[in-house]
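Fold and geometry: a report
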Amino acid sequence: MTVQELPGAGASHRVTPPPAWRPRTEAAPLLPDPEPYRVLGTAAAEHLDPALMRRYYAELVRGRRYNAQATALTRQGRLAVYPSTVGQEAAEIAAALVLEEQDWLFPSYRDTLAAVARGLDPVQALTLLRGDWHTGYDPREHRIAPLCTPLATQLPHAVGVAHAARLRGDEVVALAMVGDGGTSEGDFHEALNFAAVWQAPVVFLVQNNGFAISVPLAKQTAAPTLAHKAVGYGMPGRLVDGNDVAALHEVLTEAVQRARAGGGPTLIEAVTYRMEAHTNADDATRYRTDSEVEAWKAHDPVELLERELTGRGWLDETAVREARDAAEAMAADLRERMNAEPVLNPMDLFAHVYAEQTGRLREQAAMLRAELEAEDDA
Amino acid sequence: MTTVAQQAVKPATMAQALTRAMRDAMAEDPTVHVMGEDVGTLGGVFRITDGLAKEFGEDRVTDTPLAEAGILGTAVGMAMYGLRPVVEMQFDAFAYPAFEQLISHVAKMRNRTRGAMPLPITIRVPYGGGIGGVEHHCDSSEAYYTATPGLTVVTPATVEDAYGLLRASIASDDPVVFLEPKRLYWSKAQWSPDAPVAVPGIGEALVRRTGTSATLITYGPSLPVCLEAAEAAREEGWDLEVVDLRSLVPFDEETVVASVRRTGRAVVVHEAGGFGGPGAEIAARVTERCFHHLEAPVLRVTGFDIPYPPPMLEKYHLPGVERILDAVARLQWEN
Ligand SMILES: Cc1ncc(C[n+]2csc(CCOP(=O)(O)OP(=O)(O)O)c2C)c(N)n1
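All values reported here derive from a predicted model rather than from experimental measurement.

The rules we used
- Residues numbered from 1 in each chain as written.
- Chains lettered and ligands numbered in written order.
- Predicted model: local features only at pLDDT ≥ 70, side-chain atom pairs only at ≥ 80, totals over all residues.
- Heavy atoms only, no water.
- Helix = DSSP H or I, 4+ residues; strand = E, 2+ residues; numbered from the N terminus.
- Rg over C-alpha atoms; globule rule 2.2 N^0.38 Å.
- Buried < 20%, exposed > 50% of the residue type's maximum accessible area, 1.4 Å probe, protein only.
- Contact = heavy atoms within 4.5 Å.
- Areas by Shrake-Rupley, 256 points an atom, 1.4 Å probe, with all protein chains shown as cover.
- Lys, Arg positive; Asp, Glu negative; His and termini not counted.
- Charge placed at Lys NZ, Arg CZ, Asp CG, Glu CD.
- Near = heavy atom within 4 Å.
- Polar contact = N/O pair within 3.5 Å; in protein donor to acceptor, adjacent residues only side chain to side chain.
- Nonpolar A, V, L, I, M, F, W, Y, C, P; charged D, E, K, R; others polar.
- Patch = residues over 30% accessible without salt bridge, like charges linked within 9 Å, V, L, I, M, F, W, Y side chains within 5 Å.
- Salt bridge = Lys/Arg side-chain N within 4 Å of Asp/Glu carboxyl O.
- Pairing = 2+ DSSP bridges.
- Axes fitted to C-alpha atoms, helices over the stretch in contact; angles between N-to-C directions.
- pLDDT = per-residue confidence, 0-100.
- Buried area = accessible area lost by both parts, 1.4 Å probe.

**Looking at the overall build of chain A**
What chain A contains, in helices and strands, is 14 helices and seven strands. In terms of overall size, chain A behaves like a compact globule, its C-alpha atoms giving a radius of gyration of 23 Å where 378 residues would be expected to give roughly 21 Å. Across its three principal axes, chain A shows a C-alpha extent of roughly 80 × 60 × 45 Å. Residues classed as buried in chain A amount to 54% of the 378 residues present. For chain A, contacts bridging at least 24 residues in sequence account for 76% of all contacts bridging at least 6. As presented, chain A carries roughly 16700 Å² of accessible surface, and 52% of it is formed by carbon and sulfur atoms. Side-chain charges of chain A comprise 36 positive and 54 negative groups, with the mean position of each set lying 3 Å from the other.

Spelled out as structure tokens, the structure:
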């Protein structure tokens, strides 16, 4: 795969006024491939790095186990809600692994796994969904923005961070994740436009998992693919198989490197499928058929990689067992720590509204404190 | 040869004071960035950022694409990375596309992250009417901002405050909605930009005129109207006190309460509609805290509860001297 360079990334392609308007004759260089890019199961797979792929394999197995454990925690009432990424683990993990230490990840509410794959403590990553606070970690420390619930609103933040970093001379790339439904929001458009105009080092990763809650992609957009949306902004659009972790790694790495080298933003559409319901609160049988889900099972991201690696003799039983054991250990630790009641301090309600508390808040805090003391005395 | 002293004190407009505040803040702190629509080459449609792009360059004074959510949303990211963006919203009613960013992110980021990630963003919004602007150019949108916890909301009414409050806003570690009364942009004062008058900071109200008969509580564009009303009231034998809030959030209850306890009567005056407007909150607070000192109910003189009217009708909508005096008369002087 070759990098699609922007035509004259500087100002040269914006001559005003144009000499004369001519319809485009040659193929647009920014257009995405007609088919999702694939590596696993193709000849290109021979060139993969076995060690890297084994690492991805272990992460995928752990990610799958993490999804199962988090879903189990909702059934036990330990999590208020969990938007599962079963079937989407490859995109979640590749997004985290292609970034360097100084880079920033901007996850949506669904992307807890990406945050965990980036190295965040699973319990801290679940704070929002457990409900004891909105964000369980210091975003600056981990360079992971808070998991974002309002759709697409994290995308302009990613552009801002990337832009600011570049102004300061730091080689930082921001990778922002969004769902297929989120691409219809105005903030998606504004973020892509700002990023392209500023040539900000941002990678936009759309996980097209088929549905926005119940609404299928066909009712979300009339564009041929979501990757096509890049063209209008003047950035490359890439279409990639979102279940093929090797293809994701390649396309994402290329986009990150391009951004780091000053080549500007890229929009990547990862075509995948949400195997479970939108969240545990959703009934997916109302809007899709079992046969559709079954068809996607044959294209499972963990099995795709396992098949490739075992076939090539790059993965033996020991490595498989080690990956499963590590995943089990993570799950057991998560279960145990999530079963401890979080310690809450109701006075925190007033602690982080303003740098300095206002008079109103001081009064209201005093009222709550008195109520709490009365409760203690009773 | 002009001496420094001769240069120092000269008439300056509120617009010039605002420009100067941004200029000084940018000169002192390299993390301060100005961004918005037309703020660069043009200097803003009101010329409030005039000359800044020339002095500090495009990287620090940026003409953004025309997209308010994008402007504020990218400013959020820039603040996350340690910059201090000063964002210009071109007009009050054109800030609305950015409300999702404002309410869901700007106002809440400190809270969501347990204080780990405060956002020092200043959002400058020219607001209010009285300039003959057409539809969508004259909204008094302060109630939307004051109803949003996490935002600081300030509004200067004088040239000195324009400078002092904007400097304080830019220096604040919290997001500040800085409401600029656009009809006061060209109001003048003898002012020394080289040694700016030290003004009280955010969260302090000021008694602009002392009096004994009643307190007019006001802010921003209505301050000059209230001062004029207070002068006119002397003919009726009424000696009115005028309190300028300067900051709506935090609200300086103590100054207001002390004044009303002295005078026993209060009228809140603002351009925004009365229902659910800041005056409703202030009247309620004054009633709660001054009930036994009050000789009459707290009254409000506000804009009507209507969409901002067309320019030829705005004079009927805006609270003027007559309506203020009528309200004062209704405070039952004979008792
Ligand atoms: C601005 C906004 N509108 C509505 C919602 C409610 N909502 C939550 S998730 C969702 C669907 C999102 O679908 P998509 O972007 O495809 O992401 P996915 O859930 O598939 O990962 C909706 C409508 C929201 N969170 N934010």
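**So, the site of the ligand**
Residues and elements named next belong to chain A. Taken together, 15 residues are adjacent to the ligand, and Y109, R110, G181, G182 and F211 come closest. In the environment of the ligand, an oxygen atom lies 2.9 Å from a nitrogen or oxygen atom belonging to the backbone of F211. Protein contact buries 73% of the 580 Å² of open area that the ligand shows by itself. Looking at side-chain class alone, the shell around the ligand contains six nonpolar, six polar and three charged residues.

**What to know about the side chain of D132 of chain A**
Of note, D132 of chain A is situated in the loop between α5 (127-130) and α6 (139-142). A polar atom in the side chain of D132 of chain A sits 3.1 Å from the side chain of R130 of chain A. The contacts of D132 of chain A, once residues within four sequence positions are left out, are T127, P342 and L344 of chain A together with R114 of chain B.

**A look at the environment of T49 of chain B**
If you trace the backbone, T49 of chain B turns up in the loop between β2 (32-36) and α3 (52-56). A polar contact is formed between the side chain of T49 of chain B and the backbone nitrogen of G44 of chain B, at a distance of 3.4 Å.

**Focus on a negative patch on the surface**
Residues and elements named next belong to chain A. Taken together, the side chains of E371, E373, E375, D376 and D377 present a region of like negative charge at the surface. Mapped onto the secondary structure, E371 falls in helix α14 (residues 359-377). A relative accessible area of 42% places E371 in the partly exposed class.

**Focus: the sheet that holds strand β14 (residues 299-303) of chain B**
Residue and element names in this part refer to chain B. Pairing in this open sheet of five strands is mixed, and the strands run β9-β11-β10-β13-β14 from one edge to the other. Both edges of this open sheet fall to β9 (206-209) and β14, since each of them pairs with a single strand only. Ignoring strand direction, the axes of neighbouring strands in this sheet form an average angle of 25°. The pairing of β9 with strand β11 (residues 240-244) spans three bridges and is classified as antiparallel. Within β11, the residue paired with R209 across the bridge is V242. The sheet contacts of helix α11 (residues 278-290) involve β10 (214-218), β13 (266-273) and β14, and relative to β13 the element is tilted by about 160°.

**Observations regarding the confidence of the model for chain A**
Residues and elements named next belong to chain A. In the predicted model, chain A carries a mean pLDDT of 91, and 92% of its residues have values of at least 70. Confidence drops under pLDDT 50 across residues 1-18; counting only partners more than four residues distant or on other chains, this segment forms 26 contacts. pLDDT under 50 marks residues 21-28. Its contacts with residues more than four places away, or in other chains, come to one contact.

**Focus on the interface of chain A and chain B**
At the junction of the two partners, chain A supplies 43 residues and chain B supplies 47 residues. Of the roughly 3600 Å² buried where chain A meets chain B, counting both sides, 60% is carbon and sulfur surface. The tally of links from chain A across to chain B stands at three salt bridges. If you look at where chain A meets chain B, you find 21 residue pairs in polar contact (both at pLDDT 80 or more). Listing elements by their share of the side of chain A that touches chain B, those giving two or more residues are β1 (104-106), α6, α7 (154-167), α8 (186-198) and α14 of chain A. Looking at side-chain class alone, the side of chain A that touches chain B contains 23 nonpolar, nine polar and eleven charged residues.

**Side note on the side chain of T64 of chain B**
The topology assignment puts T64 of chain B in the loop between β3 (61-63) and α4 (68-80). Its relative accessible area of 9% is what places T64 of chain B among the buried residues. Excluding residues that lie within four positions of it along the chain, T64 of chain B makes contacts with F194 and W198 of chain A together with M35, G36, E37 and I71 of chain B.

**Remarks on the environment of H33 of chain B**
Along the chain, H33 of chain B turns up in strand β2. Classification of H33 of chain B as buried rests on a relative accessible area of 6%. With 238 residues separating them in the primary sequence, H33 of chain B and E271 of chain B have C-alpha atoms 31 Å apart. Look past the residues within four positions of H33 of chain B in its chain and what remains in contact with it is L167 of chain A together with M26, D59, R60, M78, L83, R84, P85 and V86 of chain B. From its side chain, H33 of chain B meets the backbone oxygen of D59 of chain B in a polar contact 3.1 Å long.

**Description of the sheet that holds β2 of chain B**
Residues and elements named next belong to chain B. Read across the open sheet, the seven strands follow the order β3-β2-β4-β5-β7-β6-β12; overall the sheet is mixed. Of all the strands in the sheet, the pair left with one neighbour each is β3 and β12 (247-249). Each strand axis lies, on average, 20° off the axis of its neighbour in the sheet, ignoring direction. Bridge count for strand β5 (residues 122-127) against strand β7 (residues 176-181) is six bridges, and the pairing is parallel. Pairing of R124 across the sheet is with F178, part of β7. Against the sheet, helix α2 (residues 14-28) touches β2, β3, β4 (84-88), β5 and β7, its axis set at about 130° to β2.

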